[in-house]
Each structure stands twice: as structure tokens, then as C-alpha cells.
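# Overview (structure and organization)
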Amino acid sequence: MAENDISRPADFIREVVENDIKTKKYDSRVHTRFPPEPNGYLHIGHAKSICLNFGIARDYGGLCNLRFDDTNPEKEEQEYVNSILDSVRWLGFDFGPEALYASDYFDFMYKAAGYLITAGHAYVDSQTADEMRENRGTLTSPGKDSPFRGRSEEENLRLLREMRDGSHPDGSMVVRAKIDMASPNINMRDPALYRIKHADHHRTGGKWCIYPMYTFAHPIEDAVENITHSICTLEFEDQRPFYDWLLERLAEGGLLERPLPQQIEFARLNLSHTILSKRKLIQLVQEGHVSGWDDPRMPTISGMRRRGFTPEAIRNFCDRIGVAKRESLVDIALLEYCVREDLNKRAPRAMAVLRPLKVVIDNYPEGLTEELDAVNNPEDASMGTRKVPFSRVIYIEKDDFREAPPKEFFRLAPGREVRLRYAYYITCTGVIKDEKTGEITELRCTYDPKTKGGDSPDGRKVKATLHWVSARHTVAAEVRLYGYLLIKPDPADVEEGKDFKSLLNPNSLERLQSCHVEPALASAAQGSRYQFERLGYFCVDPDTSVDQLVFNRIVTLKDTWAKIEKAKKK
RNA sequence: UGGGGCGUCGACAAACGGCAAGUCAGGAGAUUUUGGAUCUCCCAUGUGGAGGUUCGAAUCCUCCCGCCCCAGCCA
């Protein structure tokens, strides 16, 4: 919201809303809605719309309805309704005691169709779908009137009743608005309003065998709920003339009261390296490319939630990307930034070694365990400290040792001294390898007892600080690392003749089975998030059981060294 | 070749006739017991192009170019 009087509204939609408040177009009322079709799970693109609609309601003291646009029983399911309810709540938005459903207005819609017929604004068409398509004309040529366009009011009304009563098979007829078959806007060439579908609906069951089209239903839903600003995406822009036409006709007939809602369109979100199309996401789930809707690689709300993203981070992201009419592809790095920004302040730190390398500290007493002090969050002193056990044998990260280090590498190497976080300075004195493979299996080191806690009394500096886990005290864990779903930034960047699945990243999931985490994590609660020092943010996955801890990597830390290495390769 | 939209930095995005904001990414440095975090600085002589109006144009006008959407009984 405006921080002071001189600031402008944050986007062009809020500009319209503020203006309508000023001119009292809706008696200074603001009422928006988020209208998902329950035919899939919500994703980050929906989050943008949710934040926009609920955000506007919040900013201007208005209301926002969560309304299911459930007008097509063939595609919709209760499972989707439940997941959507859950996702919206988790994102932190309050839609009152319950959600609303378009199907609750089916009686009114039926009545409205009858009225349109009576007023000469609609008719029942018995053309086949093919005939209708043929007679619709093309982008550059006008359509032709249906031979059934001139049916009498009585016949139309009778047919409408018969349609409702189930006397006609699917596809045999349709009710259409009577507007203008020559309109340059194809959406005005007598759009279909009702179709016959002998299908059970997840809420109304077998009550209906005709169902309203989106085109017809949506404006009515908005009007019935006294919506003021009906915010949707760009592809509906061409439908706005019909939206207004319909509502005007129904208002004329006294079925609706003015002022009528207005439709405003904005550009949907596109995110780099991922898919934001419901149809394609369904495909990923159904064809088993991912483990389910909540696979942590999915851009679904449930996937991101399981991965460990916070609602705060997602909301913040939605605020930062802005709202405009220009189609764009937002860099996923911005989402990651928002996640790090949030978690840096909130996530307690811990030490975990993902790819272990055994280190024996030769001059450290055997059998001794020291409890060392570690701070839980350097960003927030109120989060306190904890004890971390240290002993003679520890694990460090494989990546933290190089036998022949390049000059930019300042971690451990033969003869080199580094700090073990919160523990001691150690110096590498020996490298033990597997005789056959040549693989490094163990490091021998010595430590400097005077550097306990990680400071050297003589002011000696080391260039690196390593995280570690005491071998004797370690807790085993599985850690799942996630890469981008797609190998290319632009999901539309597909080769001729191939589809989006050719862009799927084969390495989007890596499961590390032999990780070591510090003992404090043994009882980590499902869903709790930690920063594993120097590695990233991690979240306890629901697959965790009494005998197996499972962590998801939410996002890495910013990694300057990785950047240097990558630059060197080129 | 109809109609509806949209073109400002690598990615988002402000500007409402008066000095092209901010954020992410990228680069340089400071600092640091996380190569994290933090801090400082750099990163558009120019807004798709060409004309025009104006003291003054990203903004107004004209023409052109490019991209997206619409021919479901999907939403």
C-alpha cells in the first residue's frame, strides 16, 4: 500500500481501483475474486493472481472471494478443490468461512439463459459442432447465420427445457447468444452459452445435464457476487466486449443490478527454467516424470511447500515481479533470492556433510569428546546457541579438499591450515588413497589446541572455514538435491517437432544417501527448515521416518567459489 | 490479409510533456569464524525504427517493424 501521500499505486490495476474509489463508481467498495477451475493443482502463476486479488482487497479494505469455476464436470474433481483450498490457506490468505462455487449459481444461469431467449438475445442452435465451426467464418472473413437463428421464442424455450430435462444427446444442440456473425471479434459471433453434457458434477451430482460455458458463466458469477473488479489474464481481453454485453442485457432485464463488475486483464507469470501450464504439469504427473503434484521440483504451491519454500518468500516474490500487461519471462533467480532472503533471517544454522571425506586428527586425544559452542543464527542473537560435539575423527565435505589446488582454491590441501567452524585450526599432513582406484579415502591432520573455538591467540589467519560432523556423533540422513525442471530458461524454446518434454532436465533430482548431520538434527520436525552452513537451506521431507531422516535442499547459498570454478572452465 | 493487446538495461519494472526510479542477475572493492550475510561503487548519453509537434518527447501525432492472443459444445 501507499507508504505516503505522494506515492502512486503499485500497478495499473490498483490505479483503476483507486480511481473507482475516488469517483465512487462502486460506492467506494472493492471486491475481487480468485476463480480457479478445480482441474489441477495451483502453481506459482496462480500465486501471482492470488496475491494480486487478495492483496488489492487487503490494501483497500475490500473483500476477495475464493470461487471455484466449476462449470465443466468432465475435467473437475474434488481432489483438486481440496488441494486448492489447502494451497490458498497455506499461502496465508483468508477467504472467509468457506469458498464459493459457480455451480451454486446454476439455477440462476439457467434462468438467465431463458431470459435472453425471451428478450431475443439468444437461441437454440441445432447445427453440429462442425457446422458451427464452418459457419463461424475465419479471422478475415465474416461468419454466416445459423439456419436455426430465427427460431421462435416458444420453440427456443421448449428446446431449452428439453435440453435441461435430458431429452437430447450430448452435442445435438447448444444455446447461443444472438449478436453478430459478422463481428470482427470472433468472440461476438454468437458465442455458445450452454452445452449438453450428460455427466455427473462433483458438487451437483446428476442434477444437471446441461452446463454453462465459461464465457457465459463467468460474468454472471462476478455479478452475482457483487464483484467490482474482475481481474484475469490477457487471453481474455477479446472476451471483454461479450462480458459487458451479457451483463448489460441481464441488467436491462432486471436480473442484475448496477453497477456491473468490470474485467481487467494483466499478463500471466512465466518463470524461467520451469513449466507453468496446467495441462503440461498434469502430463508430468500422469506420465510419471515427477513423483506427484507435490514433487519438490514442481512449481506447484504444494511442490514448493514440500520443498521448503515459505509462504512469505512466495508472497514477496509476487510483490516484486509487479503487474503489467507486457508478457515476460521472470528469472527464477529472483524467486531463489526471495527464499534466501527470508530463510537467512529465520532458519537456524546446522552443520551437515553431504559428500563425506573422513578426517583423522592424529594429535587429538582418542576417546575425548568436547562440546563446542555454536551460534544458531548469526543474523539473530535471540535464537541462541547450541553445543556441537567434536572428536578425533570427523567428516568434512569432499569438495573442501584438493590435493593439487588451483590458486583460487583456499580450502584444505596438503600442508595447508584451515579452520573447522567453532572448533580448531587443523593442518593437513597426509592423504590416504584407495590403492586400486586412487580415490582419496581419508585425510590425516593435526590440530592446534590453542585455537579452540576457532580463534588463534597469535592472530594467525586462515583463508577458509570448513563445516564438519564428528564421526562418532553423526546422525545419518538422506539429502535430496534439486535442479531446475528444464534445461533451458525459456519453456517455449523447443526444437521443431519436439515438445516441452525434450527440455526436461534429466538431472533435476539427486539423492545422496550417506550424509552426516550434527546430532541436534536427530529430532528435527517434519517441515522444519535449516541452513546447513556453507551449503544451503534444507527442509525435513515428509518421507522422514523414525529410522531415516530425509532432507530436501530448498535452495543453495550464493556460491562465489562455484562461480569462479565455472568461469575458469570456460 | 480481420480484431484485440504489447515493445524502456541480460531479466522484471517505474515514469502520466520537465534530469530514464528500484529490484534480480553481472562486475569491482570493504568486511567476515559460512567463498554466506552485510556495506560501498559500477552496469540504458537513451526507451523497437523513421519522421513530426514542442523551449522541452519514453510520454503527444503519423508511418513502419517486431512479438503475443482470438476461428472449443475448454477455461
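By the naming in an unreviewed UniProt entry, chain A is Glutamine--tRNA ligase, taken from Candidatus Sulfobium mesophilum. As recorded by UniProt, the Sequence similarities (unreviewed entry) comment attached to chain A reads in full: "Belongs to the class-I aminoacyl-tRNA synthetase family."

## What to know about the sheet that holds strand 22 (residues 509-517)
If you trace the seven strands from one edge of the open sheet to the other, you get 10-23-24-25-21-22-11, paired in mixed fashion. The sheet terminates laterally at strand 10 (349-350) and strand 11 (352-353), the two strands that pair on one side only. Relative to strand 24 (residues 536-540), strand 23 (residues 529-532) is paired through four bridges, and the arrangement is antiparallel. Paired with Y530 across the strands is F538, a residue of strand 24. Strand contacts of helix 12 (residues 332-346): strand 10, strand 23, strand 24 and strand 25 (549-556), with the helix running at about 115° to strand 25, the strand carrying the most contacts.

## Concerning the domain arrangement of chain A
In terms of domain boundaries, chain A breaks down into domain 1 (3-266), domain 2 (278-348 + 477-569) and domain 3 (352-467). Averaged C-alpha coordinates put domain 1 and domain 3 at centres separated by 63 Å.

## Things to note about the nonpolar core
In this structure, V88, I314 and F317 are the most contacted members of the largest nonpolar core, which totals 43 residues. Mapped onto this core, the elements with two or more residues apiece are helix 2 (44-59), strand 2 (63-68), helix 3 (78-91), helix 10 (301-307), helix 11 (311-321), helix 12, strand 24 and strand 25. Not counting the four nearest positions on each side in its chain, V88 is found in contact with L42, I50, F54, L66, F93 and F95.

## Quick look at the pattern of salt bridges
Evaluated as defined, the whole model comprises 57 salt bridges. The salt bridge involving R67 is made with E221; its shortest N-O contact spans 3.1 Å. Taken together, the residues R67 in strand 2 and E221 in helix 7 (residues 214-224) connect sequence positions 154 residues apart. The class for R67 is buried, based on a relative accessible area of 0%. According to the relative accessible area criterion, E221 is buried, its value standing at 0%. Of the charged contacts in the structure, one is a salt bridge between D104 and R203, with a shortest N-O distance of 3.0 Å. Residue D104 is located in the loop between strand 3 (100-101) and helix 4 (106-118), and its partner R203 is located in the loop between strand 6 (192-196) and strand 7 (210-212); the two are separated by 99 residues in the primary sequence. Residue classification places D104 among the partly exposed residues on the basis of a relative accessible area of 48%. Note on R203: relative accessible area 37%, which makes it partly exposed. Salt bridges linked by common partners bring D294, R306, E478, R480, R511, D541 and D543 together as one network.

## A few points about the UniProt feature "domain: Glutamyl/glutaminyl-tRNA synthetase class Ib catalytic" (unreviewed entry) in chain A
Under the present numbering, the feature "domain: Glutamyl/glutaminyl-tRNA synthetase class Ib catalytic" (unreviewed entry) in UniProt falls on residues 30-344. Across residues 30-344 one finds 40% helix and 12% strand; the C-alpha atoms that close the span lie 36 Å apart.

## Quick look at the protein's contact with RNA strand B
Near RNA strand B there are 69 residues, and of these E327, L329, R349, R411 and G453 occur at the shortest range. For RNA strand B, the fraction of protein-proximal atoms (within 4 Å) that sit in sugar or phosphate groups is 63%. Backbone polar atom of Q127 to a base nitrogen of RNA strand B: 3.1 Å apart, as the coordinates give it. K197 is positioned with one of its side-chain polar atoms (N or O) 3.3 Å from a phosphate oxygen of RNA strand B. Put simply, the parts of the chain that give the surface near RNA strand B at least two residues each are helix 5 (129-135), strand 6, helix 11, helix 12 and helix 13 (560-569). For the surface near RNA strand B, the per-class residue count stands at 25 nonpolar, 16 polar and 28 charged.

## Let's talk about the pairing of strand 22
Pairing geometry for strand 11 and strand 22, over two bridges, is antiparallel. Considered in strand 22, the bridge of A352 is made with V517. With seven bridges connecting them, strand 21 (residues 475-482) and strand 22 associate as antiparallel partners. Bridge pairing in strand 22 links A477 to C515.

## Here we look at the environment of E74
Mapped onto the secondary structure, E74 falls in the loop between strand 2 and helix 3. For E74, a relative accessible area of 51% puts it in the exposed group. Measuring from C-alpha to C-alpha, the distance between E74 and K197 comes to 8.5 Å, with 123 residues separating the pair along the chain. Beyond its immediate sequence surroundings of up to four residues, E74 is in contact with K197 and A199. Separated by 2.7 Å, the side chains of E74 and K197 make a polar contact.

## Quick look at the environment of Y424
Mapped onto the elements of the fold, Y424 is located in the loop between strand 16 (417-420) and strand 17 (425-433). For the pair Y424 and G453, spaced 29 residues apart in sequence, the C-alpha to C-alpha distance is 6.1 Å. The residues touching Y424, leaving out its near neighbours within four places in the chain, are Y364, E370, F390, V418, R419, Y447, D448, P449, T451 and K452. Here the side chain of Y424 touches E370 through a polar contact of 2.5 Å, side chain to side chain.

Criteria and cut-off values
Residues numbered from 1 in each chain as written. Chains lettered and ligands numbered in written order. Predicted model: local features only at pLDDT ≥ 70, side-chain atom pairs only at ≥ 80, totals over all residues. Heavy atoms only, no water. UniProt positions renumbered as here; feature names shortened; annotations may be inferred. Pairing = 2+ DSSP bridges. Helix = DSSP H or I, 4+ residues; strand = E, 2+ residues; numbered from the N terminus. Contact = heavy atoms within 4.5 Å. Axes fitted to C-alpha atoms, helices over the stretch in contact; angles between N-to-C directions. Domains from an automatic or database assignment. Core = buried A, V, L, I, M, F, W, Y, C linked by side-chain atoms within 4.5 Å. Buried < 20%, exposed > 50% of the residue type's maximum accessible area, 1.4 Å probe, protein only. Salt bridge = Lys/Arg side-chain N within 4 Å of Asp/Glu carboxyl O. Near = heavy atom within 4 Å. Polar contact = N/O pair within 3.5 Å; in protein donor to acceptor, adjacent residues only side chain to side chain. Nonpolar A, V, L, I, M, F, W, Y, C, P; charged D, E, K, R; others polar.

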